[in-house]
Amino acid sequence: MSEIATNIAVKLIQRESITPDDGGCQNYIKTLLAPLGFVRTAVDAGGITNSIYSRQGELKGTLAFAGHTDVVPTGPVEKWAHAPFSGEIIDGILHGRGAQDMKGGIACWIAAVGKLCSEYTPLPTIQLLITSDEEGDSIDGTIRIIEHMQANGTLPDAAIVGEPSSFKHVGDTIRRGRRGVVQVKVTFHGKQGHSAYPQDADNAIHHAAPALARIAEINWGEPTEGFPPTSCQITNVNGGTGATNVIPGHCEALIDIRYNPGNNFDGIKSALEAACAGCDVTLEFDHSATAFSTADGPFLELVCNSIKSITGIKTVRDTGGGTSDGRFLAAAGVPVVELGTTNSTIHQVGECVAVRELATLTAIYTDIIENFEV
Ligand SMILES: [Zn+2]
């Protein structure tokens, strides 16, 4: 079983697929899945290759695996001890770009499904949602797949995202949510003038300072359990001309907010607007990631139990790290858990994964699929 996952991972690594290029990976996946009864629906958009592979189940319910075939660039190739697209295995370590992030995870899921199909195990409907635009802008990737599924009423009941969630051992950590991100540029407007003639000017810094103090003191309320509280950091303040005797006509601040799922974008926007009330101000918001959280419940329990029964590990239900495509599934109301290989070399020169990890992850995925119920 581990050889199957490893062989698939090697073949995927050998297909050079630097974001947003798919490098033929999704077609290769099709050749593996078609004999198992999967049908591929292409949801390509804006030059991005996206696939929904679906196999009608014998049992009720639909379980999805979401992942990406694109990888980040290699960096200086001469610094790699093993060529980044060679997929060389040396002393039990598989080398290559994407080994952890996340061709390894895709290979394990395919191996798990292949094993269960070959044993004629009755299965729920299984989907693989694969994009080649996760490491890039993520504009035409998973989000387009979700839109397609919403339009066709084919959203899954739950999803595993194969991102490398683990730290030391496979399964030691899963991600059950992420904080959201809002970035804001605030420009306070006044009127520039001579500091000896304040009656003819309007000091933008004098408007900014109290407003920024109010922003720093916003009470974001009780955080959702299991998540860090919302953090609102004023990261830059710029105003003035550099001359002591000139009253500044503008003052600009940058604010970075990492928000707990107990908050939302609309609430954050109105809190900042209220803090700036009375000022002549322009607020520019960039809501780059929505917070999500998969609540405690049967799906989370299933994933944790499968990890426990295969590895003996009591997994940490983490909410840290950056953002991931899990947010798009969660926004569509799908319970999402990220579970994949270790992440010690992701995006680094010399990315690699231990072959035995792939065996463990395949066994965990197999157990999750076998025990999935709605
Ligand atoms: Zn990734």
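Residues numbered from 1 in each chain as written. Predicted model: local features only at pLDDT ≥ 70, side-chain atom pairs only at ≥ 80, totals over all residues. Heavy atoms only, no water.

## Details of the sheet that holds strand β5 (residues 93-95)
Consideration 1: If you walk across this open sheet you meet the three strands as β4-β5-β19, and the pairing is antiparallel. For this open sheet the edge positions go to β4 (89-90) and β19 (352-354), each flanked by a neighbour on one side alone.
Consideration 2: Here β5 runs beside β19; their pairing, made up of three bridges, is antiparallel. Along β19, the bridge assignment pairs Leu94 with Val353. (Pairing = 2+ DSSP bridges. Helix = DSSP H or I, 4+ residues; strand = E, 2+ residues; numbered from the N terminus.)

## A look at the coordination of the zinc ion
Consideration 1: Those donors, His68 (NE2), Asp101 (OD), Glu163 (OE) and Glu163 (OE), are the protein atoms that reach the zinc ion, and they lie 1.8 to 2.7 Å from it.
Consideration 2: Here the zinc ion is ringed by four donor atoms whose angles at the metal span 53 to 145°, and the overall shape comes out irregular.
Consideration 3: Mapped onto the sequence, the donors of the zinc ion take the spacing H-x32-D-x61-E. A residue pair is termed long-range when its members are at least 10 positions apart, and His68 in strand β3 (residues 62-68) and Asp101 in the loop between β5 and α3 (103-118) qualify at 33 residues. (Donors = N, O, S within 2.8 Å, 3.2 Å for Na, K, Ca; no water. Tetrahedral: all angles 85-135°; square planar, octahedral: opposite > 155°, others 65-115°.)

## Section: the UniProt feature "binding site: Zn(2+) 2" (unreviewed entry) in the protein
Consideration 1: The feature "binding site: Zn(2+) 2" (unreviewed entry), as given by UniProt, occupies Asp101, Glu135 and His347 in the numbering adopted here. The largest pairwise C-alpha distance within this set of annotated residues, which runs over 247 residues, is 10.0 Å, so the set is compact in three dimensions.
Consideration 2: You can call Asp101 buried: its relative accessible area is 5%.
Consideration 3: At 2.9 Å, the side chain of Asp101 and the side chain of His347 are in polar contact.
Consideration 4: Along the polypeptide, Glu135 turns up in the loop between β6 (125-131) and α4 (142-152).
Consideration 5: Setting aside its immediate chain neighbours within four residues, Glu135 contacts Thr19, His68, Asp70, Val71, Val72, Asp101 and His347. (UniProt positions renumbered as here; feature names shortened; annotations may be inferred. Buried < 20%, exposed > 50% of the residue type's maximum accessible area, 1.4 Å probe, protein only. Polar contact = N/O pair within 3.5 Å; in protein donor to acceptor, adjacent residues only side chain to side chain. Contact = heavy atoms within 4.5 Å.)

## Remarks on the domain arrangement of the protein
Consideration 1: Each assigned domain of the protein is listed with its residue range as follows: domain 1 (2-178 + 292-371) and domain 2 (180-289).
Consideration 2: Residue-level contacts link seven residues of domain 1 with seven residues of domain 2.
Consideration 3: For domain 1, the biggest contributors to the area lost against domain 2 are Arg178, Ser293 and Thr319; these three give 62% of the whole.
Consideration 4: Taken together, the links from domain 1 to domain 2 amount to zero residue pairs in polar contact (both at pLDDT 80 or more).
Consideration 5: When contributions to the side of domain 1 that touches domain 2 are tallied by element, the ones reaching two or more residues are β9 (177-178) and β16 (292-293).
Consideration 6: Tallied by class, the residues present in the side of domain 1 that touches domain 2 amount to one nonpolar, four polar and two charged. (Domains from an automatic or database assignment. Buried area = accessible area lost by both parts, 1.4 Å probe. Nonpolar A, V, L, I, M, F, W, Y, C, P; charged D, E, K, R; others polar.)

## Describing the side chain of Ser138
Consideration 1: With respect to the helices and strands, the residue Ser138 is situated in the loop between β6 and α4.
Consideration 2: Given the relative accessible area of 10%, Ser138 is considered buried.
Consideration 3: Within the local environment of Ser138, its side chain forms a polar contact with the backbone oxygen of Glu134, the two atoms lying 3.1 Å apart.
Consideration 4: In this view, Ser138 contacts Asp133, Ile143, Asp325 and Phe328; residues no more than four positions away in its chain are not counted.

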